[in-house]
Amino acid sequence: MSAVMITRKARKWEKLPGKNTFCCDGRVMMARQKGVFYLTVFLIVGTCSLFFAFECPYLAIHLSPAIPVFAIVLFLFVMAMLLRTSFSDPGVLPRALPEEATFIEMEIEAANGNVPAGQRPPPRIRNVQINGQIVKLKYCYTCKIFRPPRASHCSICDNCVDRFDHHCPWVGNCVGKRNYRYFYLFTLSLSLLTIYIFTFGIVHVVMRSVDSGFVKTLQDTPGTYPFMLVCFFTLWSVVGLTGFHSYLISLNQTTNEDIKGSWSGKNRVQNPYSHKNIINNCCEVLCGPAYPSVLDRRGLTQDDLPVPASTATKSNPVPQTTRTTAPLIPNEHTPDDAKPSIADLAIAHAEKISPSPKEEKPPTPPKAPVIPKSPPTPTKVPPLASPETDVEASIIIAKEKAL
Amino acid sequence: MATEFHNLQELRQSPSLATKVFIQRDYSEGTVCRFQTKFPSELASRIERTLFEDTVKTLNTYYAEAEKVGGQSYMEGCLACATAYFIFLCMETRYEKVLKKISGYIQEQNEKIYAPRGLLLTDPVERGMRVIEVSVFEDRGSSGSSPSSNVSSGISQR
């Protein structure tokens with residue numbers, strides 16, 4: 001009759017900002033939109049099931065039992081790589097705590113000096129020298145940090161990701177430092193699997209037709225043809241993607257850098273991360289150390305949460321804030337990269353005229369309300385970056401379509 | 001040097017945090033994890049330069065060891081790939097082992113060197129490997145500035 005309040009310690013993933021979903025009590029971390037990921041799983045499992053059901057019995061008997069065995073091994077490897085890519089932390093950088101954010105703000109103000117009223121403060125950029133080249137580090141308004149080199153903010157997941165490659169809707173997660181090699185192995189093994197089952201599908205049809213005629217073959221194995229069709233179309237895109245990423249790895253570049261043209265062109269900086277040697281680049285990317293996650297998901301926080309009687313397990317903790325739809329294209333431009341609109345400039349101007357309170361937020365992790373295409377209102381709004389943002393977004397769309 | 005704080009426990013429970021100093025990353029050699037050894041001026045009155053620089057240099061050495069791309073990392077990578085990375089479910093990676101060593105080293109440095117001087121180092125892994133956070137506590141003897149913020153320190157137990 002009387003309710004006994006049972007409390008439990010919250011785990012840190014329940015309090016993490018960003019738009020990820022977590023499963024298995026924080027062990028699994030994915031993006032919010034998982035529909036395309038389920039499609040990927042369905043296509044791979046469905047196609048392979050048709051192959052195992054319709055082709056393998058014939059091939060095992062008439063050719064060799066090793067054929068289906070190898071196919072099974074390859075299929076399991078593909079699924080393992082897919083799940084590893086989808087479920088792991090791509091290399092998310094935790095947001096700055098209030099003291100660090102304040103410290104950085106103070107450094108920025110000291111560097112900028114006194115900005116006369118009516119003038120925009122300079123953009124928040126830090127120049128660092130890497131292997132002899134000057135690289136600009138941008139400030140992230142959402143995470144309140146200067147992004148490390150090669151890091152970028154994913155607006156779909158609302159996190160800064162280290163060595164950000166792209167956000168892949170097919171795996172339902174960002175691809176970054178920690179899971180790039182799994183992503184590459186996934187595309188590589190999927191290419192091999194697709195080529196393998198397509199080839200043996202053809203072999204099977206040919207052998208059967210020689211034995212019993214083409215028309216009878218069509219009737220005997222109706223399941224062959226849907227999967228051959230899927231394989232045919234998948235082949236081009238997956239093999240193309242694998243080739244593209246092999247090229248990127250040999251140059252030690254990310255998709256993000258390639259799309260933005262960071263290291264191409266005469267007047268641009270040369271890639272300071274490349275070892276100028278294909279073997280060394282490949283070794284670094286694929287055989288480098290396995291980086292641990294710096295996002296502590298399963299640690300316990302200090303807060304107590306009441307345990308409601310109805311729910312025993314927590315599987316979908318992150319409260320849905322605003323967005324339920326997000327573009328399927330990798331659009332990693334943060335609100336701070338968006339073109340300044342008239343409203344934003346007005347806010348910036350107003351903020352400078354009337355001194356607004358500095359970052360005197362209560363000491364909770366900063367949870368900026370994320371609204372794409374309109375920046376949050378920090379105390380000082382420097383000129384936001386370049387009109388090339390929109391061009392880049394359209395290039396991203398074009399590349400995704402081409403692949 | 002102030003010797004008011006005698007042990008680490010006392011320091012963690014003390015609310016008289018004066019300020020925090022953040023040692024930034026040094027990207028001159030690329031994206032490998034390395035921290036700047038430049039001695040911050042805020043600590044000049046609290047600790048000797050050489051002690052501090054030694055700590056940061058040792059940390060840098062540990063991180064370099066963790067991130068070294070060489071024979072051991074290839075072996076680990078190949079073995080893991082051959083098992084479809086399932087081996088990481090049972091085995092700790094080399095990086096994680098080094099992080100544990102680092103954690104032990106920081107704890108030891110805090111106990112021996114920093115706590116007696118009213119300072120506290122936070123393991124960079126708790127700050128996303130972005131900064132080494134040095135918490136500066138007030139000297140109890142002085143009637144100096146009041147704490148700038150009443151912050152529950154970011155030291156959280158894993």
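Nothing here was measured: the structure is a model prediction, and the numbers come from that model.

## Side note on the overall build of chain A
Check the secondary structure of chain A and you find ten helices and twelve strands. At a minimum sequence separation of 6, the contacts of chain A that also span at least 24 residues come to 72%. Of the roughly 19400 Å² of accessible surface on chain A, 66% is carried by carbon and sulfur atoms.

## A few points about the UniProt feature "domain: Palmitoyltransferase DHHC" (unreviewed entry) in chain A
On the UniProt side, "domain: Palmitoyltransferase DHHC" (unreviewed entry) is annotated at positions that read residues 136-260 of chain A here. Overall, residues 136-260 of chain A shows 59% helix and 15% strand. The separation of its end C-alpha atoms is 14 Å.

## Comments concerning the UniProt feature "domain: Golgin subfamily A member 7/ERF4" (unreviewed entry) in chain B
UniProt records the feature "domain: Golgin subfamily A member 7/ERF4" (unreviewed entry) for residues 21-133 of chain B in the present numbering. Helix makes up 45% of residues 21-133 of chain B and strand 10%, and the two end C-alpha atoms of the span are 6 Å apart.

## With respect to a nonpolar patch on the surface
All names here are of chain A. Together, Leu-39, Phe-42, Leu-43, Trp-170 and Val-230 line one region of the surface with nonpolar side chains, adding up to about 460 Å² of accessible area. If one sorts the elements of the nonpolar patch by residue count, helix 1 (residues 35-62) sits on top with three residues. Checked against the element boundaries, Val-230 lands in helix 6 (residues 224-251).

## Thoughts on the state of the cysteines
All chains considered together, the criterion is met by zero disulfides over all chains. Not engaged in a disulfide, the cysteine Cys-78 of chain B finds its nearest cysteine sulfur in Cys-287 of chain A; these two sulfurs lie 5.5 Å apart.

## Digging into helix 1 of chain A
All names here are of chain A. Between its terminal C-alpha atoms helix 1 stretches 40 Å, which fits the 40 Å expected from 28 residues at 1.5 Å a residue. Taking the largest bend as the criterion, helix 1 deviates by roughly 50 degrees, centred on Glu-55, and proline Pro-57 comes between one and four positions later. Of all the positions in helix 1, only Val-36, Phe-37, Thr-40, Ile-44, Thr-47, Cys-48, Phe-51, Glu-55, Cys-56, Tyr-58 and Leu-59 are classed as buried. Those residues of helix 1 that are buried lie in contact with strand 3 (28-31), helix 2 (66-87), helix 4 (180-212) and helix 6.

## Some remarks on the sheet that holds strand 7 (residues 145-146) of chain A
Residues and elements named next belong to chain A. Spatial ordering of the open sheet is given by 5-6-7, a layout of three strands whose pairing is antiparallel. The open sheet has two edge strands with one neighbour each: strand 5 (125-130) and strand 7. Judged from the six bridges that link them, strand 5 and strand 6 (residues 133-140) form a sheet pairing that is antiparallel. The residue bridging Asn-127 from the neighbouring strand is Lys-136, located in strand 6.

## What to know about the pairing of strand 6 of chain A
Residue and element names in this part refer to chain A. Hairpin connection, strand 5 to strand 6: the antiparallel pair is bridged by two residues, and Asn-131 has positive phi, about 45 degrees. For strand 6 and strand 7, the ladder comprises two bridges, and the chain directions are antiparallel. Residue pairing in the sheet places Tyr-139 in a bridge with Phe-146 of strand 7. Remark: four residues form the turn of the hairpin made by strand 6 and strand 7, two consecutive strands paired antiparallel; Lys-144 in that turn has positive phi of roughly 60 degrees.

What counts and what doesn't
Residues numbered from 1 in each chain as written. Chains lettered and ligands numbered in written order. Predicted model: local features only at pLDDT ≥ 70, side-chain atom pairs only at ≥ 80, totals over all residues. Heavy atoms only, no water. Helix = DSSP H or I, 4+ residues; strand = E, 2+ residues; numbered from the N terminus. Contact = heavy atoms within 4.5 Å. Areas by Shrake-Rupley, 256 points an atom, 1.4 Å probe, with all protein chains shown as cover. UniProt positions renumbered as here; feature names shortened; annotations may be inferred. Patch = residues over 30% accessible without salt bridge, like charges linked within 9 Å, V, L, I, M, F, W, Y side chains within 5 Å. Salt bridge = Lys/Arg side-chain N within 4 Å of Asp/Glu carboxyl O. Disulfide = S-S within 2.5 Å. Expected span 1.5 Å × (residues − 1). Bend = angle between axes of the 7 residues up to and from the residue. Buried < 20%, exposed > 50% of the residue type's maximum accessible area, 1.4 Å probe, protein only. Pairing = 2+ DSSP bridges.

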